[in-house]
Amino acid sequence: MPQPAPPPDPAPGAVPGRRLWMILILGSLTAIAPLSIDMYLPALPSLTTDLSTGAVQAQLTLTACVIGLAVGQAVAGPLSDAFGRRRPLLIGLAAYCAVSLLCVAAPTVEALIALRLVQGAAGAAGIVIARAIVRDLYDGVAAAKFFSTLMLVNGLAPILAPVFGGQLLRLMPWPGVFAVLSGIGVALLLAALLGLRETLPPERRETGGARATAATFRALLADRAFVGYAGALGLSFAALFTYVSGSPFVLQDLYGLSPQEFSLVFGVNSIGIVAAGQVSGRLAGRVPLRRLLGAGLAIVTAGGVGLLVAVLAGAGAPGVLPALFLVVAGQGLVMPNATALALSGRPPRVAGSASALLGLTQFALGGAVGPLAGIGGSGTALPMALTIAVFAVLATAITAFAARQRVVPAN
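These numbers come from a predicted model, not from an experiment.

A.B. asks: Just to check I follow, could you spell out the state of the cysteines for this structure?
C.D. replies: Here a disulfide denotes a covalent bond joining the sulfur atom of one cysteine to the sulfur atom of another. In total, this model carries zero disulfides according to the counting rule given. The closest cysteine sulfur to the non-disulfide-bonded C97 is located on C103, 12 Å from its own sulfur. C103 carries a free sulfur, and the closest cysteine sulfur to it, the one in C65, is 8.4 Å from it.

Written out as structure tokens, the structure reads:
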């Protein structure tokens with residue numbers, strides 16, 4: 001009788017040293033988004049001045065990066081199902097390094113917006129393929145635990161990036177931030193080249209080409225549970241990205257924080273993501289993943305509604321800052337559990353496509369709503385507060401819908 005095929009890669013879970021290396025590399029790859037977005041947040045006001053543009057145009061440099069991250073995942077995910085994880089990952093990281101350097105010399109805000117779009121698309125390979133690699137190796141509760149563990153690394157990026165960016169601005173003008181991002185890309189490229197082996201062998205790959213990919217996408221979009229959890233993740237991220245794009249202007253221009261003080265506040269908020277992510281990992285397996293997701297969304301919603309009330313009441317920074325902390329910290333429960341629930345039960349050969357749709361939803365929503373925070377200019381926090389509150393409530397509502405649905409396997 002033929003023997004069953006071995007699991008794709010038992011080593012990461014069995015060998016502590018290798019598991020730690022996997023956590024460091026995959027966590028760093030998923031951190032490409034916060035690194036690309038958050039590191040130059042303290043520079044947005046100075047960028048606006050240097051390029052003689054407005055707050056909305058400056059925020060479009062963030063939006064372009066996020067849209068690139070969305071579209072790039074939709075391409076890199078299916079490619080990784082067809083060609084394996086390593087090759088598309090290495091190509092994407094190499095392109096990220098090159099485009100980051102080009103951003104240094106961007107002469108106008110329009111050129112920077114275009115380059116940021118390409119930078120995001122290139123960096124997307126690291127995010128979507130890292131998630132697919134986790135699904136190659138884990139499922140269900142085990143995947144939720146691993147995703148929570150990744151937040152120990154991934155969570156450091158939003159903490160350190162704006163702080164580091166704020167300190168860089170003491171030494172160099174804002175284009176220097178992109179030179180540093182290129183250097184980080186080189187480090188990630190070398191780490192992936194030397195430290196990640198293929199987790200999707202040829203016999204497990206998707207061989208049907210574009211037609212099979214389209215069929216997989218249709219099956220996933222017909223799965224109400226997947227759509228619900230993907231929507232919850234995307235809407236929650238939209239609330240978070242509204243904070244990311246709007247807070248530099250609100251906290252610095254409206255409430256008078258310096259770039260360094262803003263970086264400190266941003267870092268403290270991000271500590272909440274790490275702490276909540278570790279609580280999630282500890283409770284996964286003892287508490288249902290849906291309940292953990294619901295708790296995270298309740299925290300985000302409480303923060304969003306509290307933020308809106310504080311702004312309407314004119315409570316100033318003492319009222320706004322605690323609410324923003326809740327909006328950010330709740331993501332530590334939302335992200336790993338929504339991701340694990342959406343990917344649970346998907347065969348590894350479509351994990352890249354499923355991860356791509358997750359990322360597309362997440363970053364497309366974030367990129368679409370980002371400029372809303374700047375509609376009123378830097379003199380009011382109301383657009384940011386209202387947008388965050390609305391998307392937090394919508395994310396909670398769609399999760400209640402998803403929890404009642406049955407998972408339909410994609411192919």
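A.B. asks: Explain the environment of R87 to me, please; I cannot follow it from the model alone.
C.D. replies: Within the secondary structure, R87 sits in helix α6 (residues 86-104). Between the C-alpha atoms of R87 and L394, which are 307 residues apart in sequence, the distance is 38 Å.

A.B. asks: Where do I start with empty space enclosed by the protein in this structure?
C.D. replies: In this approach, a probe sized like a water molecule rolls over the atoms, and the result shows the empty space that is left. What the rule picks out here adds up to two cavities of 30 Å³ or more. Within this model, the largest cavity holds a volume of roughly 520 Å³. What lines the largest cavity is a set of 28 residues, among which T30, P34, N154, M335 and Q362 lie closest to the centre. Counting residues per element, the lining of the largest cavity draws most heavily on helix α12 (residues 224-254), at six residues.

A.B. asks: I'm lost on the side chain of R85 in this one. Help?
C.D. replies: With respect to the helices and strands, R85 occurs in the loop between α5 (55-83) and α6. Of the residues examined, R85 reaches a relative accessible area of 1% and is grouped as buried. Polar contacts involving the side chain of R85 include one to the side chain of S80, which spans 2.8 Å. Setting aside its immediate chain neighbours within four residues, R85 contacts S80, I129, A132, I133, D136, E198, T199, L200, P348, A351 and G352.

A.B. asks: Any chance you could explain the pattern of salt bridges here in plain terms?
C.D. replies: When charged atoms on two side chains of opposite charge get close, those side chains can pair. The final tally for this structure, using the stated rule, is four salt bridges. R85 serves as the salt-bridge partner of D81, at 2.9 Å between the closest nitrogen and oxygen. The exposure class assigned to D81 is buried, which follows from its relative accessible area of 1%. Among the salt bridges present, the one from R85 reaches D136, with a minimum N-O distance of 2.9 Å. One end of the pair, R85, is in the loop between α5 and α6; the other, D136, is in helix α7 (residues 109-137), with 51 residues separating them in the sequence. It is possible to trace a salt-bridge network through shared partners that takes in D81, R85 and D136.

A.B. asks: Teacher, can you tell me more about the packing of aromatic side chains here?
C.D. replies: Both the distance between ring centres and the angle between the ring planes are used here to describe each pair of aromatic rings. The tally for this structure, following the rule as stated, stands at three aromatic pairs. A ring pair is formed by W174 and F178, whose centres lie 6.4 Å apart and whose planes are at 85°; its orientation type is edge-to-face. With a relative accessible area of 4%, W174 lands in the buried category. Seen in terms of ring centroids, F237 and F241 are 6.2 Å apart; in terms of plane orientation they differ by 20°. Their pairing is stacked. Linking F237 with F241, this pair stays in helix α12, spanning four residues, or about one helical turn. When sorted by exposure, F237 lands in the same class as F241, which is buried.

Here is what the cut-offs are and how they apply
- Residues numbered from 1 in each chain as written.
- Predicted model: local features only at pLDDT ≥ 70, side-chain atom pairs only at ≥ 80, totals over all residues.
- Heavy atoms only, no water.
- Disulfide = S-S within 2.5 Å.
- Helix = DSSP H or I, 4+ residues; strand = E, 2+ residues; numbered from the N terminus.
- 1 Å grid on protein atoms, 1.4 Å probe; cavity = no way out; pocket = protein on both sides within 12 Å on 5 of 7 lines; lining within 4 Å.
- Points joined across faces, edges and corners; volume = space filled by probe spheres on them.
- Buried < 20%, exposed > 50% of the residue type's maximum accessible area, 1.4 Å probe, protein only.
- Polar contact = N/O pair within 3.5 Å; in protein donor to acceptor, adjacent residues only side chain to side chain.
- Contact = heavy atoms within 4.5 Å.
- Salt bridge = Lys/Arg side-chain N within 4 Å of Asp/Glu carboxyl O.
- Phe/Tyr/Trp six-rings, centres within 6.5 Å; stacked < 30°, edge-to-face > 60°.

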